[in-house]
Amino acid sequence: MARIITVTSGKGGVGKTTTSASIATGLALRGHKTAVIDFDVGLRNLDLIMNCERRVVYDFVNVINQEANLTQALIKDKHCDNLWILPASQTRDKDALTKEGVERVLNELSERVDYIICDSPAGIEHGAFMAMYFADEAIVVTNPEVSSVRDSDRILGILQSKSRRSELEQEPIKEHLLLTRYNPERVAKGEMLGVQDVQEILSIELLGVIPESKAVLTASNQGIPVIHDDKSDAGQAYADAVARLLGETVEQRFIEAPKKGFLKRMFRGNT
């Protein structure tokens, strides 16, 4: 059976879909058969980041309603042999995601792949609940700002109390923290929360810190997950996060501001 990993957050715009695309791609690049599902019915962004929007014929809701089968709806990624995308519908309501239908699709997909990444909508609406309910693990994505962290804490409460695992009194969902758009220089100035601050509030395992980077926007506009850009700090940070997700011990990077050399300090003092 596949491992089901939900990428979620309490607040929109924190980088969930970017994270879903890069984590799924990273697992596929490691040789694991992986599917990534867009649960954001009505909006649908994952296909843009994965550069497959023109190849969408059938979607997640079509499969739930048995208007198409899974093979018809899955889109094979252009860059990874082991990666498939199941896009969301742009024309249906989120209530189209029924618990029975989602479970049936996940069970069928589990027979084909090793990992299923669920790209959840933000917040606690129906689509987000459906993305979280069947999870084995959850990656909680947050920015280092108070409102984002506070909303993520609420999501943790839902993961712990309203999942299938909690209802069946099974081992709880394994929770991971992914801190995005992190800028250590702004942390030093007191303009955003530090890693320790966020960990103290949420009290979950740190999967990775993704630095604030222009490479993320560039990759999104090109329709290529940023993890493919192994020269960028964001791409390297996502690769590190995937390694940790697979149980490897990888030291955290990008959490401290780079030290300036003597000449830079001297010239800065003269400006």
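A quick note: this is a predicted structure, and the numbers were derived from the prediction, not measured.

Undergrad: Looking at this structure, how should I read the overall build of the protein chain?
TA: Counting secondary structure elements, the protein chain contains 13 helices and 8 strands. Its C-alpha atoms give the protein chain a radius of gyration of 19 Å, within 12% of the compact-globule value 18 Å for 271 residues. Taking the principal axes of its C-alpha atoms as reference, the protein chain extends roughly 70 × 40 × 35 Å. The proportion of buried residues among the 271 residues of the protein chain is 52%. Only carbon and sulfur atoms are counted for the fraction: they give 47% of the accessible area of the protein chain, which is about 13,000 Å².

Undergrad: In this structure, what is going on with the packing of aromatic side chains? I would like to understand it.
TA: Think of a pair of aromatic rings as described by two things: how far the centres are apart, and how the planes are tilted against each other in angle. Taken as a whole and judged by the stated rule, the model has 3 aromatic pairs. Look at Phe129 and Tyr133: their rings are 5.6 Å apart centre to centre, the planes differ by 45°, and that puts the pair in the tilted class. Residue Phe129 and its partner Tyr133 are both found in helix H6 (residues 126-133); the two are separated by 4 residues, about one turn of the helix. One aromatic cluster is present, formed by Phe129, Tyr133 and Phe134 through successive ring pairs. For the cation-ring pair, Lys99 lies above Tyr133, with the distance from its terminal atom to the ring centre recorded as 4.2 Å.

Undergrad: Help me out: how do you make sense of the layout of surface pockets in this one?
TA: To find the voids left in a structure, one rolls a probe of water-molecule size over its atoms. Here the largest pocket defines a volume of roughly 470 Å³. Along its surface, the largest pocket is lined by 25 residues, and Val14, Gly15, Lys16, Thr18 and Arg181 are the ones closest to its centre. Where the lining of the largest pocket is concerned, the elements lending two or more residues are helix H1 (16-29), helix H2 (46-49), strand S7 (174-182), strand S8 (205-211) and helix H11 (214-222). Here the lining of the largest pocket is built from residues that sort into 10 nonpolar, 9 polar and 6 charged.

Undergrad: Sorry, what's going on with helix H7 (residues 146-161) here?
TA: Because an α-helix packs 3.6 residues into every turn, residues spaced three or four apart end up facing the same way. With 16 residues, H7 should reach 22 Å at 1.5 Å per residue; the first-to-last C-alpha distance of 23 Å fits that figure. When we look at burial in H7, the residues that qualify are Ser148, Val149, Ser152, Ile155, Leu156, Ile158 and Leu159. With its buried residues spanning 165° around the axis, H7 presents them on a single face. Turned more than 90 degrees away from the buried face of H7 sit Val146, Arg150, Arg154 and Gln160, all of them exposed. On the buried face of H7, the contacting elements are strand S1 (3-8), H6, strand S6 (137-142), S7 and helix H10 (195-202).

Undergrad: Explanation requested: the nonpolar core in the structure shown.
TA: Taken as a class, soluble globular proteins show a tendency for nonpolar side chains to be buried jointly. Within the largest apolar cluster, 36 residues are counted, with the highest numbers of intra-cluster contacts made by Ile23, Ile117, Ile139 and Leu178. Top contributing element to this core by residue count: helix H12 (residues 233-245), with 6 residues. If near-sequence neighbours (up to four positions away) are discounted, Ile117 is found in contact with Ile5, Val7, Ser20, Ile23, Ala24, Leu27, Thr34, Ala35, Val36 and Ile37. Counting 27 residues, the second-largest nonpolar core is a separate cluster that includes Ile37, Val63, Ala73 and Leu74.

Undergrad: Would you take a moment to explain the pairing of strand S2 (residues 34-38) for this structure?
TA: Along any regular strand the residues' side chains alternate between the sheet's two faces. Across the 5 residues of S2, 5 count as buried, placing the element largely inside the fold. Residues Thr34, Val36 and Asp38 line one face of S2 and the alternating positions Ala35 and Ile37 line the opposite face, and both faces are buried. Pairing geometry for S2 and strand S4 (residues 83-86), over 4 bridges, is parallel. The residue bridging Ala35 from the neighbouring strand is Trp84, located in S4. Both S2 and strand S5 (residues 115-119) contribute to a ladder of 5 bridges, which runs parallel. Within S5, the residue paired with Ile37 across the bridge is Cys118.

Undergrad: How should the environment of Arg44 be read in this particular structure?
TA: Tracing the sequence through the fold places Arg44 in the loop between S2 and H2. Along the primary structure Arg44 and Thr17 are separated by 27 residues, whereas in three dimensions their C-alpha atoms are 9.8 Å apart. If near-sequence neighbours (up to four positions away) are discounted, Arg44 is found in contact with Asp38, Val56, Pro87, Ala88 and Gln90.

Undergrad: Hey, could you run me through unusual backbone geometry in this one?
TA: Excluding glycine, residues mostly carry a negative phi; peptide bonds, for their part, are mostly trans. For Gln66, which is not glycine, the phi dihedral falls at a positive 60°. Assignment of secondary structure puts Gln66 in the loop between helix H3 (60-64) and helix H4 (70-73). Of the residues examined, Gln66 reaches a relative accessible area of 61% and is grouped as exposed. Notably, Phe254 is not glycine yet its phi reads approximately 65°, a positive angle. Residue placement: Phe254 occurs in the loop between H12 and helix H13 (262-269).

Each value, and the rule that gives it
- Residues numbered from 1 in each chain as written.
- Predicted model: local features only at pLDDT ≥ 70, side-chain atom pairs only at ≥ 80, totals over all residues.
- Heavy atoms only, no water.
- Helix = DSSP H or I, 4+ residues; strand = E, 2+ residues; numbered from the N terminus.
- Rg over C-alpha atoms; globule rule 2.2 N^0.38 Å.
- Buried < 20%, exposed > 50% of the residue type's maximum accessible area, 1.4 Å probe, protein only.
- Areas by Shrake-Rupley, 256 points an atom, 1.4 Å probe, with all protein chains shown as cover.
- Phe/Tyr/Trp six-rings, centres within 6.5 Å; stacked < 30°, edge-to-face > 60°.
- Lys NZ or Arg CZ within 6 Å of the ring centre and 35° of its normal.
- 1 Å grid on protein atoms, 1.4 Å probe; cavity = no way out; pocket = protein on both sides within 12 Å on 5 of 7 lines; lining within 4 Å.
- Points joined across faces, edges and corners; volume = space filled by probe spheres on them.
- Nonpolar A, V, L, I, M, F, W, Y, C, P; charged D, E, K, R; others polar.
- Expected span 1.5 Å × (residues − 1).
- Arc of directions from axis to C-beta.
- Contact = heavy atoms within 4.5 Å.
- Core = buried A, V, L, I, M, F, W, Y, C linked by side-chain atoms within 4.5 Å.
- Pairing = 2+ DSSP bridges.

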